[in-house]
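Structural description and commentary
The lines below spell out each chain.
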Amino acid sequence: KGHGLINEGAASPLKRLADNYPVNVRALIDAGDKSAVDHLCSLDYIAVTCAETLRETDQEVAEVGRQEKGVHRLLRELHDARKAFPDSEQTLATTAAFVGRNNHIFREKQAGPVVLQAALQEPDGSALCEAAKQYEFNAILWKQKSMEPNSCTMELFGKTAAFSRDGSKLASIFGKSVWLWDTVTGLLLGSWKGHSDWVRCVAFSPDGSLLASASEDRTVKLWDPTTQEEKGTLK
């Protein structure tokens, strides 16, 4: 049952507890303490962590380089834990797929009831479904199962996107801008405006040290994906 936080009901207790979860899970991962796996895969931790996302304002969501929190932080911790605890890979991967598949509703609704509802829709006999059955709850509004891929969803605009060679970053275009994303968490890492007309394509250099953007202004700009600096313009 975890810490029983979901049972407390409405969003207000979850929001209150989200900044005060009884265990520092990130510290457990960094210390190689395998008890981190139990926390990461508990519905309580998923709910209180996702509740952080509900408090984000539009300005915070658009802000570049902000600290990872909410769904972004949870996906990052699950990713790092899979590397730290390879013998728990399957359990952590299942939880990461669950969060990725449902992150769009975890961001928009009261986290506790929605996480519980989503877990109840997991396959019978699965750890998440069985955990959800342990909670006492009143009416649950059932939804049709999501058919989305088992990955986080990023809001991409335009028709062109490019992955870095190691797959850790994704570049996309939006009008005259270039956007850079973290493919593990879906977090926007940066957005660059330097072209005077529409950007039509983006591409990483083979070693990943540069990102090129080609525009209808008849220029190609080179960017540093790490420092987010413009390195030059080809005309």
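Residues numbered from 1 in each chain as written. Predicted model: local features only at pLDDT ≥ 70, side-chain atom pairs only at ≥ 80, totals over all residues. Heavy atoms only, no water.

**As for helix α7 (residues 89–106)**
- The largest bend along α7 reaches roughly 40° and is located at G100.
- Along α7, 13 of the 18 residues are buried, which leaves the element largely enclosed by surrounding structure. (Bend = angle between axes of the 7 residues up to and from the residue. Helix = DSSP H or I, 4+ residues; strand = E, 2+ residues; numbered from the N terminus. Buried < 20%, exposed > 50% of the residue type's maximum accessible area, 1.4 Å probe, protein only.)

**Side note on the pairing of strand β5 (residues 199–204)**
- Summarising the sheet, β5 and strand β6 (residues 211–215) pair through five bridges and their orientation is antiparallel. Bridged to A203 within β6 is A212.
- Between β5 and β6, which follow one another and run antiparallel, lie six residues, and G208 among them has a positive phi close to 80°. (Pairing = 2+ DSSP bridges.)

**Topic: the pairing of strand β8 (residues 230–234)**
- Relative to β8, strand β7 (residues 220–223) runs antiparallel, the two being bridged by four bridges. Across the sheet, the residue bridging to V220 is L234, located in β8.
- Where β7 folds back on β8, the antiparallel hairpin that results is connected by six residues, among which Q228 adopts a positive phi of roughly 65°.

**Structural notes on the packing of helix α6 (residues 70–84) against α7**
- Where α6 meets α7, the axes come as close as 9 Å, and the angle between the chain directions of the two elements is 165°. The orientation of α6 relative to α7 falls into the category roughly antiparallel. The element α6 and its partner α7 pack so that their crossing is left-handed. Contacts between α6 and α7 pair V71, L74, L75, L78, A81 and R82 from the former with E89, L92, A93, T95, A96, V99, G100, N103 and F106 from the latter.
- Along the lines of polarity and charge, the residues of the contact of α6 with α7 split into 10 nonpolar, three polar and two charged. (Axes fitted to C-alpha atoms, helices over the stretch in contact; angles between N-to-C directions. Parallel < 35°, antiparallel > 145°, perpendicular 65-115°, else oblique. Left-handed = near helix turned anticlockwise from the far one by under 90°. Contact = heavy atoms within 4.5 Å. Nonpolar A, V, L, I, M, F, W, Y, C, P; charged D, E, K, R; others polar.)

**Overview of the sheet that holds β5**
- Spatial strand order, β5-β6-β7-β8: four strands in an open sheet with antiparallel pairing. For this open sheet the edge positions go to β5 and β8, each flanked by a neighbour on one side alone. This sheet shows a mean twist of 20° between the axes of neighbouring strands, independent of strand direction.

**Looking at the sheet that holds strand β2 (residues 169–174)**
- The four strands are arranged β1-β2-β3-β4 in an open sheet whose pairing can be described as antiparallel. Strands at the two margins of the open sheet, each flanked by one partner only, are β1 (161–163) and β4 (188–193). The average angle at which neighbouring strand axes cross in this sheet is 15°, direction not considered.
- Direction of pairing for β2 relative to strand β3 (residues 177–182): antiparallel, over a ladder of six bridges. Within β3, the residue paired with I173 across the bridge is V178.

**Description of the packing of aromatic side chains**
- Applying the stated criterion across every chain yields a total of three aromatic pairs.
- Here the aromatic rings of F174 and W179 are separated by 5.0 Å at their centres, their planes lie at 70°, and the arrangement is edge-to-face.
- With centroids separated by 5.3 Å and ring planes inclined at 10°, the aromatic side chains of W192 and W223 adopt a geometry described as stacked. Of the two residues, W192 is situated in strand β4 and W223 in strand β7; the sequence distance between them amounts to 31 residues. This pair shows no difference in class: W192 is buried, exactly as W223 is.
- Among the aromatic side chains, those forming a connected cluster through ring pairs are F174, W179 and W181. (Phe/Tyr/Trp six-rings, centres within 6.5 Å; stacked < 30°, edge-to-face > 60°.)

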